[in-house]
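Geometric and topological summary
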Amino acid sequence: GSYLHVAETSGMMPLIDNVLLVKSVEKLRRLGADCRLKGGFCYISVTTLLDPEFFPELVEFMEENSGLSESLIFEVSQPAILGLNAAELGALDTLGALGYGFSLDHVADLDVDFASLRERSFRFVKIDAKTFLHDLQAKGSPFSAAEMKRALDDFEMKLIVEKVEDEGAVARLLDYGIELAQGHLFGKPKPM
């Protein structure tokens, strides 16, 4: 989070995304099909998806590694996606056509069009615990927490609640049927 703004304004995001993506692919290949870990998430910036020089190389690399399409999920931020026009969203469609899926990250706008996301190969939606447990209705969401979970289930999308920091939040999340969560309560980020 601290370097993203600087990296984007200096034009470094395609290079950074390339390094992250290559490392992710290498790690997934090394783990192999017998590993308990069945996949990973790799952040990719919209800047990279719209880069006319890098994007064709990205598509070629992902075609070469199409055997990992079920194991590699691209994370994209909701604020960045909301700023794209239909032609720019085509980059997502191109990767989706290769079998890759997406996770909507940094969800801040709670009026989410789940049908449109599903059509664009989104398989996951990440929302922080505070927003999910306390702020949905306070921020004017048309959904309660339970309704959001049901809507995502209806569209065969998985909800991941992030920034889970205490046992009380886990108990409430379990009451809503949340199956996937992440946060320092479970473990600090560390190398695979």
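Everything below is about the structure printed above this text.
In this text, all values refer to a predicted model and were calculated from it rather than measured experimentally.

About the criteria used
Counting restarts for each chain: residues are numbered from 1 in the order of the written sequence. Local features in this predicted model are restricted to residues whose pLDDT is 70 or higher, and side-chain atom pairs enter the listing and the counts only when it is 80 or higher, whereas totals over whole chains, interfaces and linings include all residues. Each side-chain value is derived from all of the structure's non-hydrogen atoms; neither hydrogens nor water enter the calculation. The numbering of helices and of strands both runs from the N terminus, where a helix is a DSSP run of H or I of at least 4 residues and a strand a run of E of at least 2. We compute the radius of gyration from the C-alpha atoms alone; for a globule the expected value is 2.2 Å times N to the 0.38, where N is the number of residues. For every residue, the accessible area obtained with a 1.4 Å probe (protein chains only) is divided by the maximum for its type, and the residue is called buried under 20%, exposed over 50%, and partly exposed between those limits. Only heavy atoms enter the contact rule, under which two residues are in contact if any of them lie within 4.5 Å. All accessible-area figures derive from a Shrake-Rupley calculation using a 1.4 Å probe, and residue coverage is judged against the displayed protein chains alone. By the convention used here, strands pair only if DSSP detects at least 2 bridges between them. When charges are tallied, Lys and Arg are placed among the positive residues and Asp and Glu among the negative ones, while His and the ends of the chain are skipped. Take a side-chain nitrogen of Lys or Arg and a carboxyl oxygen of Asp or Glu: if they are within 4 Å of each other, that pair is a salt bridge.

Observations regarding the overall build of the protein
- When you go through the protein residue by residue, the secondary structure sums to ten helices and six strands.
- For 192 residues, the compact-globule formula gives about 16 Å, and the C-alpha radius of gyration of the protein, at 17 Å, lands near that figure.
- Dimensions of the protein, computed from C-alpha atoms along their principal axes, come out at roughly 45 × 40 × 35 Å.
- Burial status across the protein gives 45% buried among its 192 residues.
- Looking at the protein alone, contacts between residues at least 24 apart form 67% of all its contacts between residues at least 6 apart.
- Accessible area of the protein: about 10,700 Å², with a carbon and sulfur share of 53%.

A look at the sheet that holds strand E3 (residues 101-105)
- Spatially, the six strands line up as an open sheet ordered E1-E2-E3-E4-E5-E6, and their pairing is parallel. Two strands close off the open sheet at either side, each with one partner strand: strand E1 (40-43) and strand E6 (180-181).
- As paired strands, E1 and strand E2 (residues 72-77) are joined by four bridges and run parallel to one another. Note that in E2 the partner of Phe41 across the bridge is Ile73.

Things to note about the pairing of E3
- By the criterion of burial, E3 is predominantly enclosed, with five of the five residues buried.
- Neither face of E3 is left uncovered, since the one carrying Gly101, Ser103 and Asp105 and the one carrying Phe102 and Leu104 both have all their residues buried.
- Inspection of the sheet shows E2 paired to E3 by five bridges, in the parallel sense. Residue Val76 lies in a different strand from E3, and its bridge partner there is Leu104.
- Sheet analysis places E3 next to strand E4 (residues 122-128), joined by three bridges and oriented parallel. Looking at E4, one finds that Ser103 is bridged to Phe124.

Describing the environment of His106
- With respect to the element layout, His106 can be found in the loop between E3 and helix H7 (114-119).
- Distance from His106 to Gly187, taken between C-alpha atoms, is 20 Å for residues 81 residues apart in sequence.
- Non-local contacts of His106, meaning those with residues more than four positions away in its chain, are made with Ser77, Gln78, Pro79, Lys126 and Glu162.

Section: the side chain of Asp105
- Examined against the element boundaries, Asp105 turns out to sit in strand E3.
- Lacking a salt bridge, the buried Asp105 has Lys126 as its closest oppositely charged neighbour, with an N-O distance of 4.8 Å.
- If we skip the residues at most four places from it in the chain, Asp105 touches Glu75, Val76, Ser77, Gln78, Pro79, Lys126 and Glu162.

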